[in-house]
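Coordinate inspection notes
Spelled out, the chains give:
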Amino acid sequence: MSKISDLPAAVPTGGERVVMVQNNKTVGAPLGSIVNALAQPLVEAAEDSAHRAELAALAVQLSAPLFDTLAEGEAATANGDIFSVRGGGEEFATLHRRTVSGSEELGSYPSSLAVAHRVRLSDLQSNAADKGAALVGFDFNAEYPDGSLGAAIKLYRGTFDYGIWTPDGEVVDLGEWASLKAPWTLGFPARSIFVAVVAIVFAETVDGQTVSAEGLSYVRKSGATAIPDLPGWVPAGPVHAGHFGFVGIGTRADTLKLTTSAFAYLHSLGGGTLHFTAGLFLIGNTNSDTTRSGGNWDNQAGLWVKHDNIRLKGAGENVTILQLADGQDAHVLKFGQRVGASIAVKGCGFSDLTIDGNRDNQTPANQATYFNNSGVDISTGCTDFLGERATIKECQWYGIGVQRDDFHNIILRQITFYRTGSDAVDAKGDSSRNTRNVLESPRAREWGLAEPGTQSAAYDMRSGWLVIDPFLEIDADDPITYPRDGIRIQDSASDPDPTPKQATAIVNGKAYGGRSQTTTISGSAGVRAKTRWARIQGGEYVGWNHGFDLANPDCFVTDAIVRSCHKGAYLWQDSYSDVGAEADQSRLRFVARNNVFGVHLDSVDNATIDCVIVGNGTNLWIGEGCTKIRVRGEIFGGTTANLVNEGTGTSLLNVAGISTSSKRVVAIPVDSIGLKTGSVEHHLGVEPKADDVLVSPLRGTDVSDYAYAFFRVASVDATHIDYEVMISTASATADANMNLLLVTRALEF
């Protein structure tokens, strides 16, 4: 906080000007309009106006309760009170505001200088009680140590004598000055001082004049009521929370300064950004009705935005922290409303801050009793929302809840989530109307801390989302043993929706479940897709019970890697069988390595597998109930089996590592008549059917004086072909043989 001696000088507004006093005094005039005859009365009028307001501010400071020590001041004051602590030497006292945890220093004022830069030299030389010297304790005739403020102010006399001011306070510059009257900038080290003297300052100023307080600027505007305790003044420049007296002490009244005043002021401008400085700001619940039944739990909110185009911006992640105060049980930030009233805002957002739900000091999360509030809640129908460069942590329930439907152009990017009761991001879509929503580069750890009964996900994204570069991680030593998903894609109303407006796509995800293939937590999935048209493109999914869990039709997985899972990918029939919810017609093209099962299909129809499935226990298991599965790609190196096929109509099309065709030649004795039988290995990676084997005699047999009635395949199993040949006429040559060719092509089985 600035000292009084460091406050900015008051300067006239308008065109280019020359400063009249060389010690940052507030007097200046336009070049080219110098009229000496007008200078002195205008200077004196302007100076007197400025000094009266600033000396009144100094008097307010000096009237604050003064204590010998900081501890005494904190013990004798209440939260929000202003008090002073006696200083020593050149520092007369320091000004403090009492806070919940102690106090914060607002500024200091020196014993010998005080407002010396802003009072006339003749006043400093005077000992009159109503003049500057008496107020600031400065004796112009006294001796002050070198380097002290007292010595410094005495040195200014030489500056004054160079032609700007005489010791009597008269202007002696030979130039001509005119048009001197202009707004002046005054400064206060604490906003509370400005509030205390606002009537005086208003009386001594004109519209357009600016005043600074605690580093923030205000501009005079007659009739303005935007700031209740500073009537006639509005923010100058960027709008800050501090302009409205918000301190961040966690009370409802303090937080309402933003929700009722700051947001309304920005709304009156057509929207804008509310800035927060660095620091920890406690947020209170602004809803006076704290009942939670009937959906009213969703209306428990701290900073609640109900106007379009309102954005909250901090000084940086972990630099500006908005923390829910103890026992508030509310959303920290809420945009729009879906319960009790319907308010859909557009153009809103937040950035460059940390949102802390303070979950350990709220009521324990419980959906049954409606204690499930989020760090950020975005209500039904909101559009054109941007949240970026933020950390959201320690939330009672969701990190961000997008609840519940009809969202468009919601952009969430570069947000880190840490320790949430349920999902880090829960984006619902009850009617699948969502479109053009993006979650980009999020990071999540330690989600689902309060949800052992129902499964949480780091990112639960319904229809209409593009999720780009998501990262999520469960530590290997994470003590939680109940299942949690990485990314979940599902509809909630009609599962699956036959005609979603826009599919959800996951691009280049990095999802680490924190377990090895034999220690995965049953029920967990890197991606769980339970909606039609889900798309998973690229990325790496490691250490889950199921890397991909696909239970709905028309899902596509391409260019991803899944490893160290119990099942790399599991395609199955969902319980929503009444609407045909099984992973039919899916298209898979990815790499599965080092899993117990590379890919497992169960009761799935018309899926296409075009994968590199290598080095798993069982590479590909096509289970009972599967029909018309098409397999391409590479499948080899299975430690238990490369392929187990229990389905019907399975097709293998150019699968490297699994032989689907072979040629075998066997010798049939023809020196006697009768039925000749035999068995030969087919050397295929699959079990062919009998009609997959084509049998024919080869030319080039040693003898030709024999005849056969028929030849056929008797049976086929996983390893052998059993054949029969009926010799009707025997050859006269002893030990004569004929050659029989068996060509097997097992393309469908």
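The structure this text deals with has already been given above.
Reading guide: rules and limits
- Residues numbered from 1 in each chain as written.
- Predicted model: local features only at pLDDT ≥ 70, side-chain atom pairs only at ≥ 80, totals over all residues.
- Heavy atoms only, no water.
- Helix = DSSP H or I, 4+ residues; strand = E, 2+ residues; numbered from the N terminus.
- Buried < 20%, exposed > 50% of the residue type's maximum accessible area, 1.4 Å probe, protein only.
- Contact = heavy atoms within 4.5 Å.
- Areas by Shrake-Rupley, 256 points an atom, 1.4 Å probe, with all protein chains shown as cover.
- Phe/Tyr/Trp six-rings, centres within 6.5 Å; stacked < 30°, edge-to-face > 60°.
- Polar contact = N/O pair within 3.5 Å; in protein donor to acceptor, adjacent residues only side chain to side chain.
- Core = buried A, V, L, I, M, F, W, Y, C linked by side-chain atoms within 4.5 Å.
- Pairing = 2+ DSSP bridges.
- Axes fitted to C-alpha atoms, helices over the stretch in contact; angles between N-to-C directions.

What follows deals with the overall build of the protein chain. Each helix and strand in the protein chain was counted, giving eight helices and 48 strands. Buried positions account for 54% of the 749 residues belonging to the protein chain. Counting only contacts in the protein chain whose residues sit at least 6 apart along the sequence, the fraction spanning at least 24 positions is 65%. Summed over its atoms, the accessible surface of the protein chain is roughly 29,700 Å², and 50% of this surface lies on carbon and sulfur atoms.

Attention now moves to the packing of aromatic side chains. Applying the stated criterion across every chain yields a total of 16 aromatic pairs. Each ring, one from Tyr541 and one from Phe548, has its centre 5.0 Å from the other, and the planes form 65°; the classification is edge-to-face. Like Phe548, Tyr541 is buried. With a centroid separation of 6.0 Å and 5° between ring planes, the pair formed by Tyr570 and Trp572 is classed as stacked. Accessibility expressed as a relative area gives 21% for Trp572, which makes it partly exposed. Feature note: the residues Phe194, Tyr218 and Trp233 constitute an aromatic cluster, connected by ring pairs.

The subject of this paragraph is the side chain of Glu394. Positionally, Glu394 belongs in strand β20 (residues 383-395). Residue class for Glu394 comes out buried when judged on its relative accessible area of 15%. Only 2.9 Å separates the side chain of Glu394 from the side chain of Arg419, close enough to count as a polar contact. Excluding anything up to four places from it in sequence, Glu394 contacts Asp356, Gly357, Asn358, Arg359, Asp360, Tyr418 and Arg419.

Core analysis: the largest hydrophobic core is formed by 118 residues, its most contacted members being Phe350, Tyr459, Phe548 and Phe590. Here this core takes five residues from helix α8 (residues 252-268), the largest share from any one element. Filtering out sequence-adjacent residues up to four positions away, Phe590 remains in contact with Phe548, Val557, Asp559, Ala560, Val562, Ala569, Val599, Asp610, Cys611 and Val612. Core analysis: the next-biggest nonpolar cluster, separate from the first, contains 18 residues, Ile668, Val693, Val703 and Leu740 among them.

What follows concerns the sheet that holds strand β43 (residues 661-669). The strand order β43-β48-β45 describes an open sheet built from three strands, whose pairing is antiparallel. Every interior strand has two partners, whereas the edge strands, β43 and β45 (693-697), have only one. Averaged over neighbouring strand pairs, the angle between their axes works out to 20° when direction is ignored. Sheet topology note: the β45/strand β48 (residues 737-745) ladder contains five bridges and is antiparallel. Looking across to β48, one finds that Val695 is bridged to Leu742.

Looking at the secondary structure, you find Gly464 in the loop between β26 (456-461) and β27 (465-468). Remark: the alpha-carbon pair of Gly464 and Arg433, spanning 31 residues in sequence, is separated by 7.4 Å. Every residue in contact with Gly464, bar those within four places of it in the chain, is listed here: Asn434, Thr435, Arg436, Asn437, Gln502, Ala503 and Thr504.

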